[in-house]
Amino acid sequence: MAGEQDRVRVVTPDDRRPGPRTAGMDRQEAFATEGTWPGFVRTEAGMVSGRHHHGEWESVIYVLTGALRMESGPDGANTVEAGPGDFIHVPKGAVHRESSPSAEPADIVVVRAGAGGKSTFNVDGPERS
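These numbers were taken from a predicted model, which means no experiment stands behind them.

A.B. asks: So, the packing of aromatic side chains: which residues are in play, and what are the values?
C.D. replies: Under the defined criterion, the tally for this structure stands at one aromatic pair. Measuring from ring centre to ring centre gives 4.9 Å for Tyr62 and Phe87, while their planes differ by 55°; the resulting arrangement is tilted. Of the two residues, Tyr62 sits in strand β5 (residues 57–65) while Phe87 sits in strand β8 (residues 87–90), which places them 25 residues apart along the sequence. Classification of Tyr62 as partly exposed rests on a relative accessible area of 29%. The ring of Phe31 has Arg9 lying over it, and the distance from NZ or CZ to the ring centre is 4.6 Å. Arg112 extends its terminal NZ or CZ atom over the ring of Trp37, reaching a point 4.7 Å from the ring centre.

Structure below.
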């Protein structure tokens, strides 16, 4: 007989739980397993998140709506922008912050893969060179 972990399931928006907190972002966790963390994140129009990294977890982000700007690297000098249909890869440990530079919120789907219990670490400032 199949165990609970072997069952295919659906997670609806009402089933999502609040995810790890970072200023400026609304993270909603779909579920968490030993090696993955999928969720939905909204960054309101004009909002800039706090700086953070994801420890031993790498992240794949898919932009659903709006625009997403991400700063990373020494002193936040590396910037990428993505729009609906784009993917962003964030390597393990990369300090970054996200913003929504458009007139509408940025809605994204995030899937993290890695190890360790905690997947979000808020930091005071940009990575230094």
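That covers the picture; the talk isn't over yet.
A.B. asks: Hey, could you go over the pattern of salt bridges for me, with residue numbers and the actual values?
C.D. replies: Opposite charge on two side chains lets them pair, provided their charged atoms get close. Within the structure shown, the criterion is met by five salt bridges. One salt bridge in this structure joins Arg42 and Asp107, with 2.6 Å as the shortest N-O distance. Here Arg42, found in strand β3 (residues 36–43), pairs with Asp107, found in strand β10 (residues 106–114); they are 65 residues apart in sequence, far enough to count as distant. Given a relative accessible area of 10%, Asp107 falls into the buried group. Between Glu71 and Arg51 there is a salt bridge; the shortest N-O distance is 3.5 Å. Of this pair, Glu71 sits in strand β6 (residues 68–72) while Arg51 sits in the loop between β3 and β4 (52–53); the two residues are 20 residues apart in sequence, bridging distant segments of the chain. What emerges from the salt-bridge pattern is a single network uniting Arg51, Glu71 and Arg97.

About the criteria used
Position labels on residues start from 1 in each chain and follow its written sequence. For a predicted model such as this one, the threshold for reporting local features is a pLDDT of at least 70, and the threshold for listing and counting side-chain atom pairs is 80 or more; totals across whole chains, interfaces and linings nevertheless cover every residue. In computing side-chain values, all of the structure's heavy atoms are included and hydrogens and water are not. Any two rings among Phe, Tyr and Trp, with Trp reduced to its six-membered ring, count as a pair given centres within 6.5 Å; such a pair is stacked if its planes are under 30 degrees apart, edge-to-face if over 60, and tilted if neither. Secondary structure elements follow DSSP: runs of H or I no shorter than four residues count as helices, runs of E no shorter than two count as strands, and numbering proceeds from the N terminus. Per-residue accessibility, obtained with a 1.4 Å probe over protein chains only, is compared with the maximum for each type, and a residue is labelled buried under 20%, exposed over 50%, and partly exposed between these values. Whether a charge sits over a ring depends on NZ of Lys or CZ of Arg being within 6 Å of the ring centre and within 35 degrees of the ring normal. Throughout this description, the term salt bridge denotes a Lys or Arg side-chain nitrogen within 4 Å of a carboxyl oxygen of Asp or Glu.

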